[in-house]
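In case you want the letters, here they are:
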Amino acid sequence: MAADLGELLVPFMPTIRVPKTGDRVFKSECAFSYDSPESEGGLYVCMNTFLGFGREHVERHYRKTGQSVYMHLKRHVKEKRTGATSGAFPKRRNGKVFLDLELNRDFNSEDYDFEDEAKLVIFPDHFEIALPNIEELPALVTIACDAVLNSPSAYKKQEPDSWEEDIQESRHSRSLRQQDNGVRIRPSGWKCQKCEMRENLWLNLTDGAVLCGKWFFDGAGGNGHALDHYKDTNFPLAVKLETITPDGADVYSFEEEEAVLDPNISEHLSHFGIDMLQMQQRTENGHDTDNNNSPPRSRPSEWEVIQESGSKLKSVYGSGYTGVKNLGNSCYLGCVMQVLFSIPEFQRMYVGNLQRIYDYSPLDPSQDFATQMAKLGYGLLSGQFSKPPMKSELIEQVMKEEHKHQQKGLSPKMFKALVSKGHPEFSSSRQQDAQEFLQHVITLVERNSGGSENPSDVFRFLTEERVQCCQTRRVRYNQRVDYVMQLPVPIEAATNREELLAYEAKRREAEENQRAPPEPVRARVPFTACLQAFTEPDNVPDFWSSALQAKSAGVKTSRFSSFPEYLILQIKKFTFGVDWIPKKLDFSVDVPDFLDLNRFRATGLQAGEEELPNLSPPIVLPEDTRDNSMSSLDSPEIDEAAVMQLAEMGFPLEACRKAVYYTGNMGPEMAFNWIIAHMEEPDFAEPLSLPSSTIELLPSSASETDPFAAAATTAAPLDNSPPEESVAILTSMGFPRSHTIQALRATNNNLERALDWIFTHPEEEPSDALSDMADTEPTNQAFSSPNSHSDPTLSPDPEGDAAGPRVKDGPGRYELLAFISHMGASTMSGHYVCHIKKEGRWVIYNDHKVSLSERPPKDLGYIYFYRRLSSS
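Every chain is numbered on its own, with residues counted from 1 as its sequence reads. Only residues with pLDDT of at least 70 get local features here, since the model is predicted, and only at 80 or more are side-chain atom pairs given and counted; chain-wide, interface and lining totals rely on the full set of residues. Hydrogens and waters are ignored; side-chain quantities use all the structure's heavy atoms.

1. Quick notes on the overall build of the chain
Here a helix means four or more residues in a row that DSSP labels H or I, a strand means two or more in a row labelled E, and each is numbered from the N terminus. Per the secondary structure count, the chain includes 26 helices and 31 strands. Counting every atom, the chain has about 42,900 Å² of accessible surface; 49% of that belongs to carbon and sulfur. Methods summary: accessible areas were calculated by the Shrake-Rupley approach with a probe of 1.4 Å, and residue burial reflects only the protein chains presented.

Here it is, written out as structure tokens:
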């Protein structure tokens, strides 16, 4: 038999590999679906690429690659038998569990046994070889199988790359002796016992002393009194007060000189009157919204209202009602993707084209954006992972309350790893801002759409900015591309202003007298006041009036040049505290179900308005003389610190100078990218050679006779012609000048957005006339559509040929479709849930739990999604 197996595998030996360092082994999730070893069909791992495939997708990989040998992994989950006393057997690791996989949290390991099975399968005949089979298999095959079985999952390998520290348990946590000195910690109003510091405060877990840290404790300032206290007392552990939440807290060990884990932190804090099980996240003003030391609340907390905790919500199942598991502070991702895949354009692009996307996916589909979007969309919409409990399970729920049926939801590990790759924040396990992640996903969608349909077009709109010189009353009109309408909230317009003032007086009095704070009062701001604030003029800082040829006072107003099909409206709830941490303001806004914005449509230049001259501010030179001016132009300002930082990496000095110059002194990281992109050029290490200046200095006589002549020579040919230095930076990266100018115009001269625009809008071959006009064409050319034939609603110039952002215009009447809500004190903490209106009813998506909403908290949302109403 051994000889037979060896001969059977001989033709396939060249395709069987042993995983090397750096190889990722996907043995917990299919590349095309959410099948796993616990699925009915198990998981097939390719013995060459180490990608995993479910039963429905392994044949596709075999046909595409010709790879025949796969390892089939199957985990059987069985409920443990109970003893005579009806108690479960003692918890122990089952000897039949040999796959290096995380135990499924849907099954309590105390009540379930796990039995793993592995075998080699040879396609196309599905010949199976049970494993382990050391004696009968060739040595190479045995080594490869052992390596696959014992290798960590692909996601475990990525954990060291995140910014999260590997924090260990303190050796003092289980033996800590706390003094019974009667100390009780107030829920707010803390300050250092040795100075007046009110930030970066640490509670010593032995005696309850509240003292300030030093600057290296979480980057905040302090006088080091917490460390001095340790040196005097040797009390080792302290917890940072601002970090205490129901989920834990930041603990530091002075003796071990590092952040540590304290598994008994709840008990240690309760010794000083802090009940972690009862408390909720802290609000902006620093008070606990739910704490035993606080007076009884007459209103439910933000957490209770948004999650509808007081209601018995009915679970829903089926297509479109699949939850998303929280991978650890990943609720922002789940909420954003739930909303995006409730929009028909995203459904059509990724789920409607599922088979085509899968058939044309690259050899490594785990790294293909379209494949992973289609996989996630199908998982959410198919209903395959959202099935109601069987009748037998319902009977068991009645007989055995602790085994209530739980919705499982999807575990989007592969998707998160892909979309967060290379991003310092989204690749970590920290909480993030849902609005920032939404914009990140929209950018990825645009980058990966190429010439195909771009579903994010439904969010894009044009904003008109009207700038007016207050002294001359002359105006300038510009347009920019936007995806989100950011709505300011004027707290001063709150309808309960008197109540807020009374609360603030009581809060200050309680803090001065060291009493428990009063119950917080939430400001109630009318939505109409927010719209009014959005349309009111804003002061323009450092406004330079081209009419006066000098700085002057200027105001700016914004209107809609076009209305998108789906309007994203962000309530500006967050501000930055003194510690640079975004914190949330406590207010509610009566956001309407129906919204009419037609009165905010832009009208352009009005009769009687006079435009500001198309002049740019003059360049201020350090010296007034021509010689010094020319010297200044010949010796551009270059960040020498960045140059030296790059030179220390081994790059030629002149190349480093060019990199820093051509990237506009925007830092060594951007300059490094320039170096990598230009290393193969023949003049890479040649000295920096600047083109002749386009600034023509006039003779002194000319400037004396015509004071506007000098400014006119430095002016851009038109009002919104991009700055020449920005054009130079992008053209130095190899992009055509005409395409670069279009990108800068379309993104309001924002370099980073212009770079994204270039990648998402491939250059078309322009006619000679258009090429000649590239630098002087009016503003509206920058907003015309490259695919005018594809949609008659594209605006503002559907007949134009110049490349530009596609904008779908229509009436500005909308109906509320969905909203994402945040709970907690800042975007760096807390929790997100979303509500989506489906089939005429509101549904709440809270991680893996999906239920019918009884009281959707529309007034406490953070990001709202409106869909356009038909004109009929």
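Back to the text.
2. Quick notes on the packing of helix α18 (residues 640-647) against helix α19 (residues 653-662)
To define axes, lines are fitted to C-alpha atoms, for helices over the stretch in contact only, and angles between the resulting N-to-C directions are given on a 0 to 180 degree scale. The contact between α18 and α19 brings their axes to 9 Å, and the two run at 135°. Looking at the two axes, α18 sits oblique to α19. Judged by the twist between their axes, the crossing of α18 over α19 is right-handed. Each of E640, A642, V643, M644, L646 and A647 in α18 lies in contact with α19, whose residues at this interface are L653, C656, R657 and V660. Any angle that falls under 35 degrees is termed roughly parallel, while one over 145 is termed roughly antiparallel, one within 65 to 115 roughly perpendicular, and all others oblique. Throughout, a crossing is termed right-handed when the near helix is turned clockwise from the far one, and left-handed when it is turned anticlockwise from it by less than a right angle. Contacts were defined at the residue level, with two residues in contact if any of their heavy atoms lie within 4.5 Å.

3. Quick notes on α18
Helical geometry: 3.6 residues make up each α-helical turn, so side chains three or four residues apart lie on a common side. Using a 1.4 Å probe on the protein chains alone, a residue whose accessible area is under 20% of its type maximum counts as buried, one over 50% counts as exposed, and one in between counts as partly exposed. Looking only at α18, the buried set comprises A642, V643 and L646. Seen along its axis, α18 keeps its buried residues to an arc of 105°; they face one direction. Those residues of α18 that are buried are in contact with α19 and α20 (668-678). Where α18 begins, one side-chain oxygen reaches toward the backbone nitrogen of A641, 3.2 Å away; that side chain belongs to D639. When we speak of the arc, we mean the arc of directions from the helix axis to the C-beta atoms. Nitrogen and oxygen atoms within 3.5 Å of one another constitute a polar contact, given that in protein one can donate a hydrogen and the other can accept it, and given that sequence-neighbouring residues count only through two side-chain atoms.

4. A closer look at α20
Within the span of α20, buried status applies to A671, W674, I675 and H678. Down the axis of α20, the sector holding all buried residues measures 100°, keeping them to one side. Exposed residues lying more than 90 degrees from the buried face of α20 are E669 and A677.

5. Concerning the pattern of salt bridges
Salt-bridge detection follows one rule: a side-chain nitrogen of Lys or Arg within 4 Å of a carboxyl oxygen of Asp or Glu. Counted under the stated rule, the structure contains 30 salt bridges. With its nearest N and O atoms 2.9 Å apart, the salt bridge here joins R17 to D23. Residue D23 is classed as buried on the basis of its relative accessible area, which comes to 17%. Note that R60 and D359 form a salt bridge whose closest N and O atoms lie 3.3 Å from each other. Of this pair, R60 sits in helix α2 (residues 58-65) while D359 sits in helix α10 (residues 354-359), and the two are 299 residues apart along the sequence.

6. Quick look at the packing of α19 against α20
Packed helices, taken two at a time, are described by the angle between their axes plus the distance between the axes. One can describe the packing of α19 onto α20 by two numbers: an axis separation of 8 Å at closest approach and a directional angle of 120°. Here α20 runs oblique to α19, going by the angle between their axes. Seen from above, α19 lies across α20 with right-handed handedness. In contact with A655, C656, K658, A659, V660 and Y662 of α19, α20 contributes A671, W674 and I675. Of the residues contributing to the contact of α19 with α20, the split by class is eight nonpolar, no polar and one charged. Here the term charged refers only to Asp, Glu, Lys and Arg, the term nonpolar to Ala, Val, Leu, Ile, Met, Phe, Trp, Tyr, Cys and Pro, and the term polar to all other amino acids, Gly among them.

7. Brief notes about the sheet that holds strand β7 (residues 201-204)
When DSSP finds two or more bridges between two strands, those strands count as paired. Ordered by their spatial adjacency, six strands build an open sheet running β6-β11-β10-β9-β7-β8, and the pairing between neighbours is mixed. The open sheet has two edge strands, β6 (168-169) and β8 (210-212), and neither has a second partner. Here β6 pairs with strand β11 (residues 258-261) via two bridges, running parallel. Residue pairing in the sheet places Q168 in a bridge with V260 of β11. Contacts from helix α5 (residues 225-233) reach β7 and β8 within the one sheet, and its direction differs from that of β8 by about 120°.

8. Things to note about the nonpolar core
Remark: nonpolar core denotes a set of buried residues (Ala, Val, Leu, Ile, Met, Phe, Trp, Tyr, Cys) joined through side-chain atoms within 4.5 Å. Within the largest apolar cluster, 78 residues are counted, with the highest numbers of intra-cluster contacts made by M337, F346, Y350, M373, F437, F459 and I820. Considering each element in turn, this core owes the most residues, eight residues, to helix α8 (residues 331-340). Excluding its chain neighbours within four sequence positions, the residues that come into contact with F346 are L340, F341, V351, M373, V445, P455, S456 and F459. Judged by nonpolar contacts, the second largest core, of 32 residues, contains V489, C530, I571 and F587.

9. Some words on the environment of Q435
With respect to the element layout, Q435 can be found in helix α14 (residues 434-449). Residue classification places Q435 among the buried positions, given a relative accessible area of 6%. Sequence-distant contacts of Q435, defined by excluding residues within four places in its chain, comprise V484, Q486, Q570, Y862 and I863.

10. Quick look at the pairing of strand β19 (residues 554-560)
If a strand is regular, its side chains alternate between the two faces of the sheet. Most of β19 sits out of view: five of its seven residues are buried. Here seven bridges tie strand β12 (residues 461-469) to β19, and the two strands are oriented antiparallel to one another. Looking at β19, one finds that T463 is bridged to F560.

11. Things to note about the confidence of the model for the chain
Caution applies to low-pLDDT regions: their predicted coordinates should not be interpreted in detail. The predictor's confidence in any single residue is recorded as pLDDT, a number from 0 to 100. The share of residues in the chain with pLDDT of 70 or more is 76%, and the mean pLDDT across the chain is 78. The model gives residues 83-95 a pLDDT under 50, and that stretch makes eleven contacts with residues more than four places away or in other chains. Note that pLDDT drops below 50 for residues 621-634; the model gives that stretch ten contacts with residues more than four away or on any other chain.

12. Brief notes about the packing of aromatic side chains
For this analysis, a ring pair means two rings from Phe, Tyr or Trp (six-membered ring only for Trp) whose centres lie within 6.5 Å, classed as stacked if their planes differ by under 30 degrees, edge-to-face if by over 60, and tilted for the remaining angles. Applying the stated criterion to the full structure yields 20 aromatic pairs. On the numbers, 5.5 Å between centres and 15° between planes, the contact of Y230 with F254 is stacked. Here Y230, found in helix α5, pairs with F254, found in the loop between β10 (251-253) and β11; they are 24 residues apart in sequence, far enough to count as distant. F254 shares its class with Y230; the two are buried. Ring centres of F819 and Y864 lie 5.7 Å apart, and the angle between their planes is 25°; on these two criteria the pair is classed as stacked. With F819 in strand β27 (residues 813-823) and Y864 in strand β31 (residues 861-868), this pair connects stretches of sequence that are 45 residues apart. Aromatic rings pair up to connect Y44, Y62, Y70 and F123 into one cluster. By the criterion adopted, a ring carries a charge over it if an Arg CZ or a Lys NZ lies within 6 Å of its centre and within 35 degrees of its normal. Sitting above the plane of the Y34 ring, K375 keeps its charged end 4.8 Å from the centroid. A cation sits over an aromatic face here: K573 above F587, 5.6 Å from the ring centre.

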